[in-house]
Every structure is written in C-alpha cells, then in structure tokens.
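These are the residues of each chain, in order.
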Amino acid sequence: MTTSLADVASSNTTLRAFLHGLPGVDRVGADQRAAMLGTRSIKTTAKAQAIDLAISMVDLTTLEGADTPGKVRAMCTKAMYPGEGAPRVAAVCVYPDLVATAVQALHGSGVKVASVATAFPSGRSSLEVKVTDTALAVAAGADEIDMVIDRGAFLSGDYLKVFEEIVAIKAACGDAHLKVILETGELSTYDNVRRASWLAMIAGGDFIKTSTGKVAPAATLPVTMIMLEAVRDFRDRTGRQVGVKPAGGIRTTKDAIKNLVLVNETAGDDWLSPDWFRLGASSLLNDLLMQRQKLTTGRYAGPDYFTLDK
C-alpha cells in the first residue's frame, strides 16, 4: 500500500469510511455505457487478432464434483494445443486435489495451473481451513490461487475480516498469484462491487475476479466495467497494476470480443494481455476455435469437430 492508503485498514471503522467514501456508481449510466460498448464490432484482420488474443487469455476451467484425473489431463492437452496455429491458453483451473495432475501434464508448456481454494465456492469455513487449503494447492505446484471472499462478512459490514482473510491467503500463496473472487451476483449493488474491488486490491490481490461461475448473474458487462474502472483508478493512485478476470456466462466469441472492447475502452491497452486480463470459461474455447477456423478457411466446423470439455 502507498502511504496514502497505509492506515485505511487500521480498523473496521477507517476501512468502512474509506470504502463508503468511494464515488457512487450511476447504475443507469453504467448499464448504458456497457451496452453501448457491447455493440462495437470488429472485422477481418482485427477480429482474427482479437480471437487469438482471447484464446491466450482463457483460464480453461473444470470445477465439477465428477472431475477425474483423466478429464484434467485431456483438458491440459487442449490447453497446450487448442487448434492448428492457435495460441495456447493462459491457464488451466482445477480443484486443489487435481493440481498435481495438471502440473505434471502441463510441465514445460508455459500454461499456468490455477486452483480454486478457501472453501470454494461458498467460502464458508474457518480461516485456518482456508489457509491450509491454499497452502496445499501451492505445495502441489499451483501457480495461481483463486480465492473467494466471505460475502456474509462483507455484506454485514465486517470489512476488516474480509481484508484480514485476503492478507492471510496472500501470505499463504508465497510466489503464486492471488485472484480474489468477489461473487458479484451476491453483492446486490454496483457500489458494493466497487467497494469489494478496492478492498481486494488494498489487501494485496493480484487479480480481482467477478464470480465462481456457480451463482447467477455472473460476469455481466456492467460489473466487469466497474471492476476495470477500479483497477485503472487504483493504479493511478498507487502505481500498482492489478488484473481482472470475468468468469461465468462467457460462452461465445461475441461475448469475448465485447469484453476485450470493454478493457480497451475502460482501462486501456495496458490490460490487453493474459498477464492482466483473463476469461474464466469452460465452453468458450470451442466457440473461439470455430470462429477462428471460419476466418482461416471460410468454412465452419461443427461443434463435434472439437473436444467436449463437459
């Protein structure tokens, strides 16, 4: 934290004063601007570049109770070799007990291994359990940890508890990057999305992430825009850049390109990189590959041409 933010988390009172002192979000204006940006279209060469950029930003994800080592290995192969000439994806995201499988399968590829932790998706557990969950995933080789905040604490105004949990999980991450999941579908208001974004960044999060993908609505354009505004303003104030990861409900190439336009127009092209923007998805990659093939060959391939990830 910079000097100006050093005392913000000295008590719940000071933290609350800071978060509630942030400018309010004009809901109507946010919805209208996001909708307007969502109508932008790009064609030909620019579209091809956007598709490849989107592929490189995908966190290819499987977070189901029926996940198996075989499924994770197959997903890792697809992550490394999505299609002829296509870039590899950014990361594969799995539960902690499958991290070792993913690490082995992705060895030397440059594709990161991300793991959800901290009693995902509810976050309803003790701090001791959450820290242990994180430490076990990191010990198994996870490059990135996707943690969930305690929404109950946040919504009841116990901001300091949320802050202290993020700080503790960040410490347990060691060299691994920390993505802080806000679960925006449960935060009720855009003002809360802005407050939670700043809270996560002040506590040391490397990324802020919209959703677990288990709660609707998830990664809506207005919510993602508000989070992009937050990381932009946070860097202006502190000099530290934080990434953004929308996740949940991003299924088509049109969805992905809308998000890229949103990044460029809101935060700027400094965030148009897998280092600073990710797309959490399971089915998105196939649609990107289908559209990519159409641009390359002039012909669509059917959905069954590509591997199914569910």
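Refer to the structure printed above.
These lines cover the structure that appears in this document, whether it is placed above or below. In this text the structure is predicted, and so the values were computed from the model without any measurement.

**Description of the environment of K161**
Now for step 1: Structurally, K161 is set in helix α8 (residues 159-173).
Now for step 2: You can call K161 partly exposed: its relative accessible area is 36%.
Now for step 3: Along the sequence, K161 and A135 sit 26 residues apart, while their C-alpha atoms lie 20 Å from each other.
Now for step 4: Setting aside residues no more than four positions away along its own chain, K161 makes contact with D150 and A153.
Now for step 5: A polar contact of 3.4 Å, which involves the side chain of K161, links it to the side chain of D150.

**A word on the packing of helix α4 (residues 69-80) against helix α5 (residues 99-106)**
Now for step 1: Where α4 meets α5, the closest approach of the two axes is 9 Å, and the angle between their N-to-C directions is 35°. Crossing of α4 against α5: the hand is right-handed. On α5, the residues that touch P69, V72, R73, C76 and M80 of α4 are T101, A102, A105 and L106.
Now for step 2: Looking at the contact of α4 with α5 residue by residue, the class counts come to seven nonpolar, one polar and one charged.

**Remarks on the sheet that holds strand β8 (residues 279-281)**
Now for step 1: Strand order in this open sheet of eight strands is β7-β6-β5-β4-β3-β2-β1-β8, and the pairing throughout is parallel. Pairing within the sheet leaves two strands with one partner each, and these edge strands are β7 (243-245) and β8. Adjacent strand axes in the sheet meet at a mean angle of 25° when their direction is disregarded.
Now for step 2: Looking at chain direction, strand β4 (residues 144-148) and strand β5 (residues 177-181) are connected through five bridges and run parallel. Within β5, the position partnered with I145 by the bridge is L178.
Now for step 3: The strands that helix α10 (residues 221-238) touches are β6 (207-209) and β7; relative to β7, the one it contacts most, it runs at about 170°.

The rules behind these values
- Residues numbered from 1 in each chain as written.
- Predicted model: local features only at pLDDT ≥ 70, side-chain atom pairs only at ≥ 80, totals over all residues.
- Heavy atoms only, no water.
- Helix = DSSP H or I, 4+ residues; strand = E, 2+ residues; numbered from the N terminus.
- Buried < 20%, exposed > 50% of the residue type's maximum accessible area, 1.4 Å probe, protein only.
- Contact = heavy atoms within 4.5 Å.
- Polar contact = N/O pair within 3.5 Å; in protein donor to acceptor, adjacent residues only side chain to side chain.
- Axes fitted to C-alpha atoms, helices over the stretch in contact; angles between N-to-C directions.
- Left-handed = near helix turned anticlockwise from the far one by under 90°.
- Nonpolar A, V, L, I, M, F, W, Y, C, P; charged D, E, K, R; others polar.
- Pairing = 2+ DSSP bridges.

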